[in-house]
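Read off the chains here:
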Amino acid sequence: MRIKTAIISGGAGFIGVNLIKQLKDKYEKIICLDNFSLGKSDFLNKYANDKNIEIFDIDCSDIESTRNLIKEFENKNLYGDVWHLAANSDIPSGVKDPNIDLKDTFMTTFGILSAIKDTSFKSIFFASSSAIYGDHKNVFLSESIGPLLPISNYGAMKLASEAIISAAAESHLNRAVIFRFPNVVGVPATHGVIYDFTNKLIKNPNLLNVLGDGSQKKSYLHVDDLIEAMIKVWETWPNNEKIDIFNIGPKDDGIFVRDISKIVSENFSRDVEIIFGDGNKGWLGDVPKFFYDTKKITDLTGWNPKMNSREAIQKSSQQIYSQLMKNEFNL
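Remember, predicted model here, so these are calculated numbers, not experimental data.

Talk me through unusual backbone geometry; I want residue IDs and the actual numbers.
In this structure, the amide linkage connecting G146 to the following residue, P147, adopts the cis form with an omega of 0 degrees. Here P147 lies in the loop between β6 (140–141) and α5 (153–171). Cis geometry is found at the peptide bond from V187 to P188, where omega equals 0 degrees. Along the chain, P188 falls in the loop between β8 (183–185) and α6 (193–203). One non-glycine residue, F36, adopts positive backbone phi at about 60 degrees. Here F36 shows up in the loop between β2 (29–34) and β3 (53–57).

What follows is the structure, given as structure tokens:
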């Protein structure tokens, strides 16, 4: 008997563990692949005794090991979809060492595509990023805008991943969906602006140093809204389409970093001194402002986020405070 299966690469990461929670009742089996470089085994503890969820410690950029593992699944009559989330999500680290993005973002994609060729896993759902667009200033970013000129190593490797997925769709995939994420927030957090600000304030509750002048303005989406959008596309996307791309994001035009710093500081004290740096970029490759057009996903699925950027930041700020201060996060 064939068993409908979701392979989730990067399944121990922030978005991965939230995706597992929502997909575990929609597939007969869930397989989590992770090298636990950013993802944490603790995030998956609640599934330790779930016979329908298997967890493998594997680096998906290792093509031979990944291919051998997928063959094992094939021999067990597993078939279904790959949800490919594995990537280096720490953008500043990729600025310091471009090999990180090459290996953890592009080569994981190449490895997964190589491994599922000639198997019963014919569909891929890929976590891409707004970073592939580059810096288009105040232009609303639709899925058809161009040219695509990323300004970070991370964005470049996500764009290269989209390209190799497009080629695989022509070669051996039945279905490929590319989701372009905004900045996603929530728990269990491993990095990001709220996580960084909270950690700084844990060390010194009276002072918060901010990279850049605080004028950076970006869209933020709570992970609960993100997962809902992805699943709606999975459930409603026309099967006669080989490949498609969807922006996922809030409907507003974002929130300033200076406002995020104030929201996070309120978890500690209203007397926190906030010191801003220079310039409108937090690091090399940072896009200070971007605005998403999400009409396409709304028209197809009817999906709309429940939270705007400010509400997503407020909820996530409280969640991440509980995670880091009390070791509590609810999934």
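Picking up where we left off.
Tell me about the sheet that holds strand β1 (residues 3–9), and name the residues and values.
The strand order across the open sheet formed by seven strands is β3-β2-β1-β4-β5-β7-β12, and the pairing between neighbours is parallel. The open sheet has two free edges, formed respectively by β3 and β12 (243–247), since each of these has just one partner strand. Strand after strand, the sheet turns through a mean of 15 degrees between neighbouring axes, direction not considered. Pairing geometry for strand β4 (residues 78–84) and strand β5 (residues 121–129), over five bridges, is parallel. The residue bridging H84 from the neighbouring strand is F126, located in β5. This element, helix α4 (residues 98–116), spans β1, β2, β4 and β5 of the sheet and lies at about 165 degrees to β4.

Describe in detail the pattern of salt bridges, supporting the description with residues and values.
All chains considered together, the criterion is met by twelve salt bridges. Across the pair D59 and K103 runs a salt bridge whose closest N-O atoms are separated by 2.5 Å. On the criterion of sequence distance, the pair formed by D59 in the loop between β3 and α2 (63–75) and K103 in helix α4 is long-range, its members being 44 residues apart. With a shortest N-O distance of 3.3 Å, D253 and K217 are connected by a salt bridge. Taken together, the residues span a long stretch of sequence, with D253 in the loop between β12 and β13 (255–256) and K217 in strand β10 (residues 217–218) at a distance of 36 residues. Given the relative accessible area of 34%, D253 is considered partly exposed. By sharing partners, the salt bridges in this structure join D59, K103 and D104 into a single network.

Describe the packing of aromatic side chains, listing the residues and the values that go with them.
Evaluated as defined, the whole model comprises eight aromatic pairs. Residues W83 and F125 carry aromatic rings whose centres are separated by 4.5 Å and whose planes lie at 15 degrees to one another, so their mutual orientation is stacked. Separated by 42 residues along the polypeptide, W83 in strand β4 and F125 in strand β5 bring together distant segments of the chain. Each member of the pair, W83 as well as F125, is classed as buried. Taking 6.4 Å as the distance between ring centres and 20 degrees as the angle between the ring planes, the aromatic pair formed by F125 and F179 counts as stacked. Note that F125 is positioned in strand β5 and F179 in strand β7 (residues 175–181), a separation of 54 residues in sequence.

I'd like a rundown of α5, residues and numbers included.
Look at α5: 27 Å from first C-alpha to last across 19 residues, which is about the 27 Å you get at 1.5 Å a residue. Taken together, the buried positions of α5 are Y154, G155, M157, K158, S161, E162, I165, A168 and A169. For α5, the angular spread of buried residues about the axis comes to 160 degrees, placing them on one side. Turned more than 90 degrees off the buried face of α5, the exposed positions are E170 and S171. Against α3 (91–96), α4, β5, β7 and β12 lie the buried residues of α5.

Hey, could you go over the packing of α6 against helix α10 (residues 309–326) for me, with residue numbers and the actual values?
Direction vectors running N to C along α6 and α10 enclose 45 degrees, while the axes themselves pass 10 Å from each other. Overall, the two elements α6 and α10 adopt an arrangement that is oblique. Crossing of α6 against α10: the hand is right-handed. Each of I194, Y195, T198, N199 and I202 in α6 lies in contact with α10, whose residues at this interface are I313, S316, S317, I320, Y321, Q323, L324 and M325.

Basis of the calculations
Residues numbered from 1 in each chain as written. Predicted model: local features only at pLDDT ≥ 70, side-chain atom pairs only at ≥ 80, totals over all residues. Heavy atoms only, no water. Helix = DSSP H or I, 4+ residues; strand = E, 2+ residues; numbered from the N terminus. Pairing = 2+ DSSP bridges. Axes fitted to C-alpha atoms, helices over the stretch in contact; angles between N-to-C directions. Contact = heavy atoms within 4.5 Å. Salt bridge = Lys/Arg side-chain N within 4 Å of Asp/Glu carboxyl O. Buried < 20%, exposed > 50% of the residue type's maximum accessible area, 1.4 Å probe, protein only. Phe/Tyr/Trp six-rings, centres within 6.5 Å; stacked < 30°, edge-to-face > 60°. Expected span 1.5 Å × (residues − 1). Arc of directions from axis to C-beta. Parallel < 35°, antiparallel > 145°, perpendicular 65-115°, else oblique. Left-handed = near helix turned anticlockwise from the far one by under 90°.

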